[in-house]
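# Summary of structural features
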Amino acid sequence: MKYTVVFLVYLLSIFLFPQILYAQCSITGKVTDLEGQSLSYISVQLFRVDSSFVTGTTTDTLGYYQFTKVSPSPYFIVFSSIGYKKQIVNANTTEKKNELPPVIMETDNIELNEVVVKGASVIRQKDRLLILPDKQQVKQAGTGYDLLYNLMIPGMEVDRIKGKVKTFGGEATLYIDGRKADYREVQSLRPRDIEKVEYFDTPSGRYADDVAAINYITRQYKSGGYVAIDGRQAMGYLNGDYNIVSKLSHGNMNYTLFAGYSMNKYKGDINDNHEYFIFPKYAIDRKTNTLDNKVKSDNQYVQLNIANQNKKRNLLAKISFVRNDAPDNFSRELLEYGGGHTMNKESSKTTNQSGNMPTIDLYGYFNLKNNQYIESSLAGTYANNSYSYNYLEDKYTTLTHTKEDIYTVRADIKYGIRWKERNALSLRIGHYHTISSSHYDGNNSSWQHLWTGQTLFYAEYNRMFKKNLTFSVSPGLSSLQYRLHNEKRISQISPRLKTNLTYRISSLHQIVFNGVLGNTQPQISQLSNAVQEIDSLIIKRGNPNLDNTIFGDVNFNYSGQFKNLNLYVALHYERVEHVNTDEFFIKDGRLINTFRSDVSAHHHEGMLSATWKVSENFRLKMDGYWSITSLFKGISDKSSSLSGLIQMDYYWKNLSCSLYGKTSSKSFSADLIHRYEPAKYGLTARWSCGNWLVEAGAESPFTKHRQWKQSVTLDAYNYTNYVTGRIYQQTGFLKVIYTHNFGKKTARDDNNTNRHINSAILKAY
């Protein structure tokens, strides 16, 4: 009991009474390269003249460093970083505030812990992987996703076309200079402006909410501008994405204007679907074959960014407008009925969708005294959505037309402080609010008014023990509230907790244990009383009484470096309560498809990933992945999968070539659908010279009949569907990027236009 009390007192002293060091003066300065560009995350160490260590820090995203509350005395400061020559500067603190001249770092190949770093390197730091791209990887990349793909980070899969970055724990959140970015922002990021990439595989601090985080650290310029044009066109079917951006920099101000257009037009999926409806007194067998299909959509956006940066703050305002349109998407099918109703019919369905969304987004990051900071953001969007669905089968017809106004507000503020190098504390509070008003006209007319709100609060404390053991704990609360008109108000408070223990075996090897307790809210499109008739047998409807999903995760991973080989091994277990799944049951002679939240799930998965720098010109990456997902309590179902991926990159002068292949895989999700994806392979070739980059690629060029499979097996309803289509077969693309600089060099800004328009409409398809 005595030792327990002592231990509790010790913990309280850590959390509530951090050590305060009283001193008399401060030292500040900035670090740049030979071109005057700010250098982020440079190690800065303060020593007395007798070589005794005093304290240390790193430069911020603008290259500034600061020591506060140090005693007046002569010192010397050591500046060091991978890829730069070490610099030593004398500092005599004769004033209360001592600002030193800028320190200029020269690039070099240097030694770190007996490992010579040349070109691209993956360096394990105490809380992240630091990746230094080499000239070949930068030159043969046209976007931020291209560079991430070229880096071959162990345990990471990059889809450059869709803009998805998948890690072992889930999809990674992307940042640029510490600020959250989205698809368009990273897509338009110029690789030559990226100094290095940070990969937080066990995020903490400002990245604590993420499964994994990737931070691009970019060069900062003070004047000049550029105009850039890029276009990507598919071959084999009509699909294109075209963008233009213009930027002007002057001092601490940056002005950037973006605009873009994308479109699709092709024959849609060909379905061979076999359904089995089990009614109380009879069963119906229905086979569906697609006779004709058409997919058409287009998207336009425009955005203005205004940014102001200095050593004390980083301010950004973004105003954007997005328009999505998917008119006259059409399919015609042959239906063969058996069982209780034997007959053949033709059916047709048409959908029309459109949306318009203006957005304003404000962001601020403020460096305070004594190693403190405040980060805040405020964003608001309004979307006007329209959706219609028309289905015709013999004499049966159903029509739905929906118009929606949806408002979303997001506010977030975070405070952080670091004491020395071993203790840090951060506090965060955020609120997310959505109001949707939807008018349904047609066979089932209704008005649905829904508001949802979630408030999050958490505190995170990080503690380093010695030099090789780090512990962090982040307790928090989630308050979720929502209400549908004429329904009772739902209010739920859930605890949140995230813990992490990292042990660095050496500078090249580490193991990590972490655990997470969290919650998620239901999809807003499910929280309604709306009814949507799919066809003559199936009706879809919402459910306003879904529970908050609770999950708990336990993870283990090991990462290590063996000369030119990087290895990553991970294991993960997740338990989920109140999973929001689809539900099917028979009522009044129809199959009802709705949603339920009384199901539990187990999920196990593991990964082995290795990257090998065979030579300066040849790189190799291999991943192996397995998973098992089980549903129980209400629904009993199970799925397992084993898959692999290989990527080979070769660089030669201005050219590069990439070969990749992925085995077939299976997946199982909350909609109860078992999915099978066939194997795929592909080739891309790039040519880069000056301001031009041209890339051509092909996927599965020698395969004609790739086929997806989807299946559901339940008491009331079974189906098996085989899906083919033009876009899944032999396809190719051509991409061209051109940039013209004017004035002095300036960094290519980030296009952060979110082209996804949120909606609470219950849709048939």
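Before reading on, note that the structure itself is shown above.
Figured I'd write up the structure that's included with this text. (Residues numbered from 1 in each chain as written. Predicted model: local features only at pLDDT ≥ 70, side-chain atom pairs only at ≥ 80, totals over all residues. Heavy atoms only, no water.)

Once that is clear, we can look at a positive patch on the surface. A cluster of like positive charges, contributed by Lys96, Lys97, Lys312, Arg313 and Lys369, occupies part of the molecular surface. Take Lys312: it is sitting in the loop between strand S24 (283-309) and strand S25 (313-339). (Patch = residues over 30% accessible without salt bridge, like charges linked within 9 Å, V, L, I, M, F, W, Y side chains within 5 Å. Areas by Shrake-Rupley, 256 points an atom, 1.4 Å probe, with all protein chains shown as cover. Salt bridge = Lys/Arg side-chain N within 4 Å of Asp/Glu carboxyl O. Lys, Arg positive; Asp, Glu negative; His and termini not counted. Charge placed at Lys NZ, Arg CZ, Asp CG, Glu CD. Helix = DSSP H or I, 4+ residues; strand = E, 2+ residues; numbered from the N terminus.)

Following the criterion strictly, the structure yields 28 salt bridges and no others. The partner of Asp146 in a salt bridge is Arg160, and the shortest N-O contact between them spans 2.8 Å. Residue Asp146 is located in helix H3 (residues 144-151), and its partner Arg160 is located in the loop between strand S13 (156-159) and strand S14 (164-167); the two are separated by 14 residues in the primary sequence. For Asp146, a relative accessible area of 1% gives the class buried. Judged by its relative accessible area of 11%, Arg160 falls in the buried class. A salt bridge links Glu275 to Arg286, with the nearest nitrogen and oxygen atoms 2.9 Å apart. Of this pair, Glu275 sits in strand S23 (residues 270-278) while Arg286 sits in strand S24, and the two are 11 residues apart along the sequence. A relative accessible area of 5% places Glu275 in the buried class. (Buried < 20%, exposed > 50% of the residue type's maximum accessible area, 1.4 Å probe, protein only.)

A cluster of nonpolar side chains, contributed by Leu248, Tyr255, Leu257, Val302, Leu304, Ile306, Phe321 and Phe742, occupies part of the molecular surface with about 650 Å² of accessible area. Those elements giving two or more residues to the nonpolar patch turn out to be strand S22 (253-266) and S24. No other element matches the three residues that S24 contributes to the nonpolar patch. Mapping Ile306 onto the fold places it in strand S24. For Ile306, a relative accessible area of 34% corresponds to the partly exposed category.

Attention now moves to the state of the cysteines. As used here, a disulfide is simply a covalent bond connecting the sulfur atoms of two cysteines. Applying the stated criterion across every chain yields a total of zero disulfides. The thiol sulfur of Cys657 is not disulfide-bonded, and the nearest other cysteine sulfur, from Cys689, lies at 19 Å. What makes Cys657 partly exposed here is its relative accessible area of 32%. (Disulfide = S-S within 2.5 Å.)

Spatial strand order, S3-S2-S5-S6: four strands in an open sheet with antiparallel pairing. Either end of the sheet is taken by a strand with one partner, and the two such strands are strand S3 (53-58) and strand S6 (84-92). For this sheet, the mean inter-axis angle between neighbouring strands, taken without regard to orientation, is 20°. For strand S2 (residues 43-48) and S3, the ladder comprises five bridges, and the chain directions are antiparallel. Bridge pairing in S3 places Ser43 opposite Thr58. (Pairing = 2+ DSSP bridges. Axes fitted to C-alpha atoms, helices over the stretch in contact; angles between N-to-C directions.)

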